[in-house]
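Here are the chains, one letter per residue:
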Amino acid sequence: MSYKDKFINLKNNIQQFKSFESLYMLFLFILVACLFCFQQIKMHQLSLGADTIFHYNRIYEAYMQIKTGHFEYFISLFSFNQSGRIVNAFYGPLFTYMQGLLLLIAGNWFRYQVLSNIIIYVVASSSMYKLLRYNGVKQSYSILLSIIYLTTYSIQYWVIQQAFSGWALAFLPLALFSVTQLIDEKKINPLLLAWSVSLLVNIHLLTAVFFVLLYALAFLIIVIDCLKKKEGIKGVVNLIKNGLFSVIIFFILTFQYWMGLYLIYKNNMIKKPFINQAMGTSTITGDRVYMLFLPVFLILIISYVILSIIKKRIKLSTKYLGLLALIFLLLSTNVIPWQNLLEAGYSAVTIIQFPFRFFIFSIPLFLLITGRLLMEQTQLFKLKYIHLNAVILLILGVSIGYVQTFYILTENYARADQYLRDAKGKYIVSQPITSDELNRIKYSADKSLLLKQYQKGTPDYLPLIKKTKENKYKMYLKQIVLNETPQQVKKLNKKVTNKGLEITWESENEQILELPIVKYNATELKVNGKKLNKSDYQLSTIGVVKIKSKIGNNHLIANYSNSKMMYPLFLIFSSLFLITSGYIWINEISVQKG
């Protein structure tokens, strides 16, 4: 065998080893995820938090559309009391359908929650591991830091509260590839950057906005750095050119999402999401200080990064990353007068809702910087005990984090049902329920039972017919949730057919009837075979329909006029995004320096 043949065989063996290593790491992270979910499986409990019912309605909608084949891009046919309100179009429809498919596979809410928790743990640890290895961090450090990430509130936000930003933060390390590439190599890969933002938009828009802010700050730092060094104006022009190119690619990858929003906002005034009137306390120096200590080891990592940045013996690129992490850390504190900005009427502030979100967004950055610092200092001092001590400390951090997470989740499972009962004004428990009845619901193949048991009066994204200071939560509860069967009618039924969302009822006399259905500008209504004009109905402040009911049987069909054009766009651009994701994974994410 020639030396050339031996070299080719060696190269092939290395490729096989790397492939084996990837499978080994995937298997390891699946085991870790199962370990984190062990207590939930043992206790047979659901975690029910502030966002559970809202997002489970969204997922149930996607599940039922997949199951029945009745696809509707805009209005809710099966969820949110079958009210015809628009919700999923405001989130990433592709990722929501993936969650709906998972619910279909799981068969009930308990198995769905366990499976979704296992998947988010695997995604978060794998993506963090890939980011660390891409940045040249040792495998031992990368594994331990990735597991520590699972114990932070970035990921536990979904596990405990079912906040959808937890999913975006699980994928965030993959998006950070483009940030480290910009800072380390002073270059922009237009496709990688466009895909990174598109990935987050497809899951959680606000997290994508935070990422754009992070990247803009990194871009500013590198532009200043280029102007000081030999790259000069030429380097800056090249960055701007590639940055603009990435914007074009981004809008191509997410075209269907923006088209959907355009069609909604074109002729509707939409109710904005919840505005937090106590932003000053929703910081890590306010009521959310506990996030700094989840796990306790996290505060040590942050302190280590800050102290290292103060010193000069670290790479400039790592210091730049540290500066970005510190900016987001400060944004999550009361150093920024959030309450004053809110009261002064700055509308942009209301979008953030909870300033602590800047902190949980920064956690992957702090873990990445920690890995890079450990590598830099090991190489600088070339002492074996530094590596050994670091590994021991990280193992200790993992152990403490797991114990803390285990305790918090156990407590959360034990009080889940009571938590919803105590959420005054925002939840309605349909009737008192025993533990046995709750068990029957969470294991039931009829997934609508859980959503009927706990109903949340969230008015987000409803059409506002006129501006008013009335409480929209109470209006929605009264006109939709508590109005399932209006008092004036004997029986009201809703079902989904090929014609659309159909409502039937029986009326004893001619009367003006408020039906539990919402109308947007493009919602088409047909009553008793007649298509309604504007003069044929009235709308409440939140778009609930009032019509004249005839004596006897009545029949209403609701459709959304723009839906037919959206599904071809959805299929085309979702396929394009998935193909791009595969390309990025093979050519960028699978590359590692360590």
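Residues numbered from 1 in each chain as written. Predicted model: local features only at pLDDT ≥ 70, side-chain atom pairs only at ≥ 80, totals over all residues. Heavy atoms only, no water.

Undergrad: How should I be thinking about the overall build of the chain in this particular structure?
TA: Counting secondary structure elements, the chain contains 22 helices and ten strands. Across the 594 residues of the chain, 57% fall into the buried class. When the accessible surface of the chain is summed, it comes to about 26700 Å², and 63% of that surface belongs to carbon and sulfur atoms. (Helix = DSSP H or I, 4+ residues; strand = E, 2+ residues; numbered from the N terminus. Buried < 20%, exposed > 50% of the residue type's maximum accessible area, 1.4 Å probe, protein only. Areas by Shrake-Rupley, 256 points an atom, 1.4 Å probe, with all protein chains shown as cover.)

Undergrad: Any chance you could explain the packing of helix α2 (residues 52-68) against helix α3 (residues 93-106) here in plain terms?
TA: Geometrically, a packed helix pair is captured by the angle between its two axes and the distance between the axes. Direction vectors running N to C along α2 and α3 enclose 70 degrees, while the axes themselves pass 7 Å from each other. Relative to α3, the element α2 lies roughly perpendicular. Across the interface between the two elements, R58, I59, Y60, A62, Y63, Q65, I66 and K67 of α2 pack against T96, Y97, Q99, G100, L101, L103 and L104 of α3. Taken together, the residues of the contact of α2 with α3 break down into nine nonpolar, four polar and two charged. (Axes fitted to C-alpha atoms, helices over the stretch in contact; angles between N-to-C directions. Parallel < 35°, antiparallel > 145°, perpendicular 65-115°, else oblique. Contact = heavy atoms within 4.5 Å. Nonpolar A, V, L, I, M, F, W, Y, C, P; charged D, E, K, R; others polar.)

Undergrad: Explain the sheet that holds strand β8 (residues 537-539) here, please?
TA: Backbone hydrogen bonds hold the strands of a sheet together, and the pairing may be parallel or antiparallel. The strand order across the open sheet built from three strands is β5-β9-β8, with neighbouring strands paired in antiparallel fashion. Only two strands of the sheet have a single neighbouring strand rather than two, namely β5 (511-518) and β8. Taking each pair of neighbouring strands and ignoring which way they run, the sheet shows an average axis angle of 30 degrees. In the sheet, β5 pairs with strand β9 (residues 544-549) via five bridges, with the strands oriented antiparallel. Note on β9: the bridge partner recorded for Q511 is S549. (Pairing = 2+ DSSP bridges.)

Undergrad: Would you explain the confidence of the model for the chain in this entry?
TA: Parts of the model with low pLDDT should not have their predicted coordinates read in detail. Summary statistics for the chain give a mean pLDDT of 87 and a share of 90% for residues scoring 70 or more. Averaged pLDDT values over the elements of the chain bottom out at 62 in helix α18 (residues 416-421) and peak at 97 in helix α8 (residues 190-201). (pLDDT = per-residue confidence, 0-100.)

Undergrad: Help me understand the side chain of T350, please; the structure alone is not making it clear to me.
TA: By the secondary structure assignment, T350 is in helix α15 (residues 347-352). Among residues more than four places away in sequence, those in contact with T350 are I275 and L342.

Undergrad: How should I be thinking about the nonpolar core in this particular structure?
TA: F74, V179, F211, F359 and L556 are the most contacted members of the largest nonpolar core, which has 197 residues in total. Looking at this core element by element, the count peaks at 15 residues for helix α4 (residues 109-134). Those residues within four positions of V179 in sequence are excluded, and the remaining contacts are F211, L214, Y215, A218, L321 and L324. (Core = buried A, V, L, I, M, F, W, Y, C linked by side-chain atoms within 4.5 Å.)

Undergrad: Please explain α2 as it appears in this structure.
TA: Quick reminder: α-helices carry 3.6 residues per turn. Residues three or four places apart thus point the same way. With 17 residues, α2 ought to run about 24 Å at 1.5 Å a step, and its terminal C-alpha atoms sit 24 Å apart, in line with that. With 14 of its 17 residues buried, α2 lies for the most part within the structure. Positive phi shows up at G69, right after α2, with a value of about 80 degrees. (Expected span 1.5 Å × (residues − 1).)

Undergrad: Where do I start with the pairing of β9 in this structure?
TA: Remember that side chains alternate between the two faces of the sheet whenever the strand is regular. One ladder, built from three bridges, connects β8 with β9; its direction is antiparallel. Looking across to β9, one finds that Q538 is bridged to K546. Between β8 and β9, which follow one another and run antiparallel, lie four residues, and G543 among them has a positive phi close to 80 degrees.

Undergrad: What's the story with the sheet that holds strand β10 (residues 552-560) in this structure? I'm lost.
TA: Taken in spatial order, the five strands line up as β3-β4-β10-β6-β7 in an open sheet, and their pairing is antiparallel. Sheet topology places β3 (489-497) and β7 (530-531) at the edges, where each strand pairs with a single neighbour.

Undergrad: Would you mind showing me how to read the side chain of S507 here?
TA: With respect to the helices and strands, the residue S507 is situated in strand β4 (residues 500-507). If near-sequence neighbours (up to four positions away) are discounted, S507 is found in contact with S549, K550, I551, G552 and N554.

Undergrad: Help me understand the environment of N562, please; the structure alone is not making it clear to me.
TA: Mapped onto the elements of the fold, N562 is located in the loop between β10 and α22 (563-589). Residues N562 and L263 lie 299 residues apart in sequence; the distance between their C-alpha atoms is 7.6 Å. Every residue in contact with N562, bar those within four places of it in the chain, is listed here: F74, L263 and A522.

Undergrad: Looking at this model, I keep getting lost on helix α7 (residues 165-185). Mind explaining?
TA: In this model, α7 (21 residues) spans 29 Å end to end at C-alpha, consistent with the 30 Å of a helix rising 1.5 Å per residue. Approximately 45 degrees is the largest bend angle found in α7, and it occurs at L172, with the proline P173 only one to four residues beyond. With 19 of 21 residues buried, α7 is to be regarded as a mostly interior element. Looking at the residues trailing α7, positive phi occurs at K186, about 55 degrees. (Bend = angle between axes of the 7 residues up to and from the residue.)

Undergrad: Would you mind showing me how to read the pairing of β10 here?
TA: Here β4 pairs with β10 via seven bridges, running antiparallel. Counterpart to I503 in the pairing with β10 is L556. Inspection of the sheet shows strand β6 (residues 523-527) paired to β10 by five bridges, in the antiparallel sense. Bridging from a neighbouring strand, V527 pairs with L556 of β10.

Undergrad: How should I be thinking about the packing of helix α6 (residues 153-161) against α7 in this particular structure?
TA: Here α6 crosses α7 at 145 degrees, and the two axes come no closer than 7 Å. The handedness of the crossing between α6 and α7 is left-handed. Between α6 and α7, the contacting residues are S154, I155, Y157 and W158 on the first element and S165, G166, W167, L169 and A170 on the second. Grouping the amino acids of the contact of α6 with α7 by side-chain chemistry returns six nonpolar, three polar and no charged. (Left-handed = near helix turned anticlockwise from the far one by under 90°.)

Undergrad: Is there a simple way to explain the packing of aromatic side chains in this structure?
TA: For the structure on display, the rule yields 43 aromatic pairs. With a centroid separation of 5.4 Å and an interplanar angle of 65 degrees, the aromatic rings of F95 and W167 are classed as edge-to-face. Taken together, the residues F95 in helix α3 and W167 in helix α7 connect sequence positions 72 residues apart. Given a relative accessible area of 9%, F95 falls into the buried group. (Phe/Tyr/Trp six-rings, centres within 6.5 Å; stacked < 30°, edge-to-face > 60°.)

Undergrad: What is the right way to read a nonpolar patch on the surface from this model?
TA: A contiguous nonpolar surface patch, about 570 Å² in accessible area, is contributed by V289, Y290, F293, V296, L393, L396 and I400. Tallying contributions element by element places helix α17 (residues 384-414) first for the nonpolar patch, with three residues. (Patch = residues over 30% accessible without salt bridge, like charges linked within 9 Å, V, L, I, M, F, W, Y side chains within 5 Å. Salt bridge = Lys/Arg side-chain N within 4 Å of Asp/Glu carboxyl O.)

Undergrad: Mind showing me how you'd approach unusual backbone geometry here?
TA: Peptide bonds are, in most cases, trans, and in most cases residues other than glycine have a negative phi. The step from L294 to P295 runs through a cis peptide bond, and the omega angle for that step is 0 degrees. With respect to the helices, strands and loops of the structure, P295 is situated in the loop between α11 (255-265) and α12 (296-310). Residue H44 is not a glycine yet carries a positive backbone phi of 55 degrees. Structurally, H44 is set in the loop between α1 (3-43) and α2. Here the phi dihedral of K186 falls at roughly 55 degrees; this positive angle occurs in a residue that is not glycine. Examined against the element boundaries, K186 turns out to sit in the loop between α7 and α8.

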